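Next come the chains, spelled out residue by residue.
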Amino acid sequence: MKKIEAIIKPFKLEEVKDALSEVGIEGMTVTEVKGFGRQKGHTEIYRGSEYTVDFLPKIKLEAVVADSRLDAAVAAIVKAAKTGKIGDGKVFVSKVDDAFRIRTEEKGDQAI
Amino acid sequence: MKKLFSFLFLVAVMSCGICPVFASNTPAPAPTPTLEQRVSSLEAYINNGDPSSGLKDTNGNIPTGLTTPTVGVPGPGHNAWMMASAALVLFMTLPGLFLFYGGLVRRKNILSVVAQCFALAGLVTILWVVFGYSTVFAGSGGDNIGKEDIIKGVVGSYSANAMLKDVTSAPNTNYAYWVSQNVFSMYQLMFAIITPALILGAIAERLKFSAMLLFMTLWMVIVYFPLAHMVWGVNGMMNGVWNAKASIHAIDFAGGTVVHMSSGWSALILCLILGKRQGFPREPMPPHSMVLCAIGTGMLWVGWYGFNAGSAVAADAVAANAFMTTTIATAVASFVWPMAEWRFRGKPSVLGFCSGAVAGLVVITPACGFVTAGGALVIGVFAGLIPWFFCWKVKGWFGYDDALDTFGVHAVGGTVGALLTGFLARTSANSNLKLNLADYVKDSLMQPLVWEQLKAIGVTLALAIVGTIIIAFIVKAVVGLRPSEEAESIGLDLAEHGEEGYHSEGTI
């Protein structure tokens, strides 16, 4: 079982969600986040004052998937979220020890 | 309807029956006006003139007791416009100004701006009723004083209309033939409310509430009331239009010197004495809501029609001209400012549109009743460029923390407006300029009025700057000016008012 954390451009969320559904990923959690990588922030000007805004709005998408689906899921995210320009985001993968579905008390791969 | 008519008929018959009884008791019956005299009184209503002028005999005196039914009463049309105008000017402060300023502060200080504006509405009304109106507008039109008695040219009477004594629905013909004096006094009150509120922009986010109340009380008494009297009082020393014996023959239609220069320059001085906000200019302090700021700007623009066109104190030709010039100058300035940004900074900003609109309104204020459409166009261009340059460059050069640019917009704009009024005032826009200013308004660019305007600018600057320095140090000694560092950093909303403007969603 693996957890995928993808930081993507907000306007790419719909495409990424559809791409994940196509490869059979049925659940995910999405959060509006702010951050920066190589893209850095932008400048805002209010009359004579100039402010640098470091943190840009991004979407963090989290999904836990069975090991067998990992490669397809990551490929789907990368393909759908890519614009080729700086600021497209990143995908992180980590191990998950176990999972439980609260309603049915199923565990492991059955629960995701 | 029939019942109403028969009732009115009955009342008419009864009063006719009663009248002769009283009349027979009076020793000498009052002279009856002729039909011509009654018509001339009525015509005066249409022309916003003196309804009693047709009653004068060959020596210019009105025979004892001679009057018409339209003498000493308000005219419905003029009165209606002035009540609407008064409400519009209040709307500029509540909520126009507090949204315009409130949007520009950080979210932790929005309510402090709202509280300060509301507090001023109450505080200034009390001062106005007790003696403020009297010190600004009391004084007889018959004994214009000017140079002979400088004191009366500077302040009116502290007692004549104190507690609004004798301020009734009858017009005060020193100021308007057809507008109730109580309406006039409330209209002028709205100006007295918004003027100190403008100062709040420079000192936003860091002035203690108690210090604000004490400062504004003293400022109204020492700076605003005398200045308003000098410019608008019937025997004011700078009332060039109506006071033939004025020491300075300056003109200021709706408050370029009284409202915008006085508040703007005082704001600069107070913000220098007060010091910079914690973290300025290191920490970013962007507006927390440009949407609120833009809404407030729209309200200011709408309300300003009451401010400018209403300053004719009648629904007459002068008001109509002011309505037009206000629109032209504001629209042009609100366009020029962001275009200048676009050219020199890369993008036309919403704050640029908003600032341009307010700057246009400020600069046209002293001129609106005196200039033509062409003059308004010129004023709009200057209004879009000069305050913009001050906010963009000059503020950075000197490094003062005029938080919301009260100085850049109101002091600079008011001063530019007062000066441009001198260049651009034309008798074709306002024939009243021929009354006492024939030697000053020559319908040319370099007319002598320019010099008079410069003198008025000088007096206003001196009063605002010296007055504010003295008041600020008094307040500093008595209650102190700044909140504690902790209060400033958690925000004045929570620290001074125990409330928050916004509660974030989803807090557990």
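Model, not experiment: these values are computed from the prediction. (Residues numbered from 1 in each chain as written. Chains lettered and ligands numbered in written order. Predicted model: local features only at pLDDT ≥ 70, side-chain atom pairs only at ≥ 80, totals over all residues.)

Caption draft 1: Local environment of the packing of helix α3 (residues 76–104) of chain B against helix α6 (residues 181–199) of chain B. Residues and elements named next belong to chain B. Between α3 and α6, the least distance of the axes is 9 Å, while the angle of their chain directions is 20°. By the criterion of interaxial angle, the relationship of α3 to α6 is roughly parallel. Between α3 and α6 lies a crossing of left-handed hand. Along the contact surface, α3 presents Asn79, Met82, Met83, Ser85, Ala86, Val89, Leu90, Met92, Thr93 and Leu97, while α6 presents Val183, Phe184, Met186, Tyr187, Met190, Phe191, Ile193, Ile194 and Ala197. A class-by-class count of the residues in the contact of α3 with α6 yields 16 nonpolar, three polar and no charged. (Axes fitted to C-alpha atoms, helices over the stretch in contact; angles between N-to-C directions. Helix = DSSP H or I, 4+ residues; strand = E, 2+ residues; numbered from the N terminus. Parallel < 35°, antiparallel > 145°, perpendicular 65-115°, else oblique. Left-handed = near helix turned anticlockwise from the far one by under 90°. Contact = placed C-beta atoms within 7 Å. Nonpolar A, V, L, I, M, F, W, Y, C, P; charged D, E, K, R; others polar.)

Caption draft 2: Inspection of the interface of chain B and chain A at higher detail. Counting residues at the interface gives 12 residues for chain B, matched by six residues for chain A. Elements with a contribution of two residues or more to the side of chain B that touches chain A: α11 (350–364) and α12 (373–398) of chain B. When residues in the side of chain B that touches chain A are grouped by element, the largest group, four residues, is from α12 of chain B. Broken down by class, the residue content of the side of chain B that touches chain A amounts to six nonpolar, three polar and three charged.

Caption draft 3: Inspection of the confidence of the model for chain B at higher detail. Residues and elements named next belong to chain B. The predicted model of chain B has a mean per-residue pLDDT of 92, with 92% of residues at 70 or higher. In this model, residues 16–21 is a region of pLDDT below 50 whose contacts with residues beyond four sequence positions or in other chains number zero contacts. In the predicted structure, residues 141–148 sits below a pLDDT of 50 and forms 18 contacts with residues beyond four places in sequence or in another chain. (pLDDT = per-residue confidence, 0-100.)

Caption draft 4: Layout of the pairing of strand β5 (residues 56–65) of chain A. All names here are of chain A. Strand direction decides the pairing type here: strand β1 (residues 2–8) and β5, joined by seven bridges, are antiparallel. From the neighbouring strand, Ile4 faces β5, where its bridge partner is Ala63. Pairing of strand β2 (residues 29–35) with β5 involves seven bridges; the strand directions are antiparallel. The residue bridging Lys34 from the neighbouring strand is Pro57, located in β5. (Pairing = 2+ DSSP bridges.)

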